[in-house]
Amino acid sequence: DHANQLNPGVTNRLSSVFGWVYLLARAANNDIAEGRTDDAIDKYRCVTQLARHFYQQPVFIEHLFGTAFETLGLQGLYRLLIESDLTETQIKAVEQFLPNTKDNWAYVSAEILEIERLLSKNMCHPLARLKAWWSGMYIKSLLRRKQDYLRIVSDRRVLKIIFELRRYKNKHGHWPKTLDEIKALVPGEVFVDPDSGDSFVYKLADDTFILYSKGKNKIDEDGRNDGTFDPNTGQFIQHEDDRLFWPP
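Participant: Could you give me a rundown of empty space enclosed by the protein, with the residues and numbers involved?
Facilitator: The full count for this structure, using the stated rule, is one cavity of 30 Å³ or more. Within this model, the largest cavity holds a volume of roughly 30 Å³. Around the largest cavity, the lining residues are T48, A51, R52, Y55, E70, F97 and P99. Looking at the lining of the largest cavity element by element, the count peaks at four residues for helix α3 (residues 37–55).

Participant: I'd like a description of the sheet that holds strand β3 (residues 201–205), backed by residues and values.
Facilitator: Taken together, three strands build an open sheet; the order of strands is β3-β4-β7 and the sheet is antiparallel. One side of each edge strand has no neighbouring strand; the edge strands of this open sheet are β3 and β7 (243–246). The mean inter-strand angle of the sheet, taken between neighbouring strand axes irrespective of direction, is 25 degrees. Relative to β7, strand β4 (residues 208–213) runs antiparallel, the two sharing three bridges. Paired with S213 across the two strands is R243, which belongs to β7. Of the strands in this sheet, β4 and β7 are in contact with helix α4 (residues 60–83), which crosses β7 at around 50 degrees.

Participant: So, the nonpolar core: which residues are in play, and what are the values?
Facilitator: If you look at the biggest cluster of nonpolar residues, it comprises 52 residues, and the most contacted ones within it are L77, L80, I161, L165, F209 and L211. Of all the secondary structure elements, the ones that give two or more residues to this core are α2 (8–33), α3, α4, α5 (88–95), α6 (105–123), α8 (137–172), β4 and β7. Broken down by element, the residue count for this core peaks at eleven residues, all from α8. Apart from the residues lying within four places of it in its own chain, the contact partners of L77 are Y44, V94, F97 and L159.

Participant: Could you give an account of α3, naming the residues involved and the relevant values?
Facilitator: Because each turn of an α-helix spans 3.6 residues, side chains separated by three or four positions in sequence point in the same direction. Over its 19 residues, α3 runs 27 Å from end to end, which matches the ideal 27 Å to within 8%, given 1.5 Å per residue. Taken residue by residue, α3 has T37, A40, I41, Y44, V47, T48, A51, F54 and Y55 as its buried positions. When α3 is viewed along its axis, its buried side chains cluster within an angular range of 145 degrees and face the same direction.

Participant: Could you give an account of the environment of G76, naming the residues involved and the relevant values?
Facilitator: By the secondary structure assignment, G76 is in helix α4. G76 gets classed as buried once you look at its relative accessible area, which sits at 4%. With residues up to four places along the chain from it excluded, the contact list for G76 reads N29, I32 and Y44.

Participant: Break down the side chain of R167 for me, with residues and values.
Facilitator: Looking at the secondary structure, you find R167 in helix α8. On the basis of relative accessible area, R167 is assigned to the buried category, the value being 19%. In terms of polar contacts, R167 uses its side chain to reach the side chain of E88, at 2.9 Å. Every residue in contact with R167, bar those within four places of it in the chain, is listed here: E88, I91, K92 and E95.

Participant: So what's going on with a nonpolar patch on the surface? Residues and values would help.
Facilitator: A cluster of nonpolar side chains, contributed by F18, W20, Y22 and L23, occupies part of the molecular surface with about 460 Å² of accessible area. Within the element layout of this structure, L23 appears in helix α2.

Participant: Please provide a residue-by-residue account of the packing of α3 against α5, values included.
Facilitator: Between α3 and α5, the shortest axis-to-axis distance is 10 Å and the interhelical angle comes to 10 degrees. It follows from the interaxial angle that α3 and α5 lie roughly parallel. Residues T37, D38, I41 and R45 of α3 touch α5, and the partners they reach there are Q90, A93 and V94. Residue composition of the contact of α3 with α5, grouped by class: three nonpolar, two polar and two charged.

Participant: An account of the pairing of strand β6 (residues 235–241) is needed here, citing residue identities and associated values.
Facilitator: One ladder, built from six bridges, connects strand β5 (residues 225–230) with β6; its direction is antiparallel. Bridge assignment links D230 to a residue of β6, and that residue is Q235. The loop that links β5 with its antiparallel partner β6 comprises four residues; one of these, G234, has a positive phi angle of about 75 degrees.

Participant: An account of the layout of surface pockets is requested, with residue identities and associated values reported.
Facilitator: What the largest pocket holds in volume is close to 450 Å³. What lines the largest pocket is a set of 21 residues, among which Y55, H63, V108, Y149 and R156 lie closest to the centre. Listed by contribution, the elements that provide at least two residues to the lining of the largest pocket are α3, α4, α6 and α8. Across the lining of the largest pocket, the residue classes break down as nine nonpolar, five polar and seven charged. Surrounding the second largest pocket, 22 residues form its lining, T71, Q75, G76, Y78 and P248 being those nearest its centre.

Cut-offs and rules
Residues numbered from 1 in each chain as written. Predicted model: local features only at pLDDT ≥ 70, side-chain atom pairs only at ≥ 80, totals over all residues. Heavy atoms only, no water. 1 Å grid on protein atoms, 1.4 Å probe; cavity = no way out; pocket = protein on both sides within 12 Å on 5 of 7 lines; lining within 4 Å. Points joined across faces, edges and corners; volume = space filled by probe spheres on them. Helix = DSSP H or I, 4+ residues; strand = E, 2+ residues; numbered from the N terminus. Pairing = 2+ DSSP bridges. Axes fitted to C-alpha atoms, helices over the stretch in contact; angles between N-to-C directions. Contact = heavy atoms within 4.5 Å. Core = buried A, V, L, I, M, F, W, Y, C linked by side-chain atoms within 4.5 Å. Buried < 20%, exposed > 50% of the residue type's maximum accessible area, 1.4 Å probe, protein only. Expected span 1.5 Å × (residues − 1). Arc of directions from axis to C-beta. Polar contact = N/O pair within 3.5 Å; in protein donor to acceptor, adjacent residues only side chain to side chain. Patch = residues over 30% accessible without salt bridge, like charges linked within 9 Å, V, L, I, M, F, W, Y side chains within 5 Å. Areas by Shrake-Rupley, 256 points an atom, 1.4 Å probe, with all protein chains shown as cover. Salt bridge = Lys/Arg side-chain N within 4 Å of Asp/Glu carboxyl O. Parallel < 35°, antiparallel > 145°, perpendicular 65-115°, else oblique. Nonpolar A, V, L, I, M, F, W, Y, C, P; charged D, E, K, R; others polar.

Written out as structure tokens, the structure is:
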């Protein structure tokens, strides 16, 4: 990442694109609120396609921004599928740009690391590269990017689950009692959170539902995520680490 930071033009370009993507996502949310569902679908398609374009650039910082773009798009699609009465035609229109739900980190990271190595070699002094390696900067950066990647794969799998939940509600007039009622409709991997390695949790709640991951500790904490900051050590202490997908 430090190689990219030496070029302010790259950072300025990415920041500008992020601003436009944010406005596009906000405009899609406004379309949903005012009943322009097809327009919202078109805007979310654009957001997700922009994310894929950035993923095609095998550089850490490009992937980082791609993840940010896709997160905005997926969160909007959750809301669209759950809160809007989509027709099957509209559901299929969204499904056409559904991203890959497989965990391909080994392939993705190998390609990125090779490019980052070449960038660092061309842009950084050998002593700077040695210092970065000795300090653990490369390893820490790789671990952060892996975490980002696994979280976005989790988001994609949740989207696939929500697709089938919406179809179930369209057919039966209510949300299913458990995920078992839609398990035959999607690959088994979709129900596993790759970030924690455990299954997602789905529970009915009044006329809607809650959907979350149990987090790294794999303890069901009813979707809660909480912690405290210790000023003496400067450390954030995580008490509950569930990751809530719905409601937002």
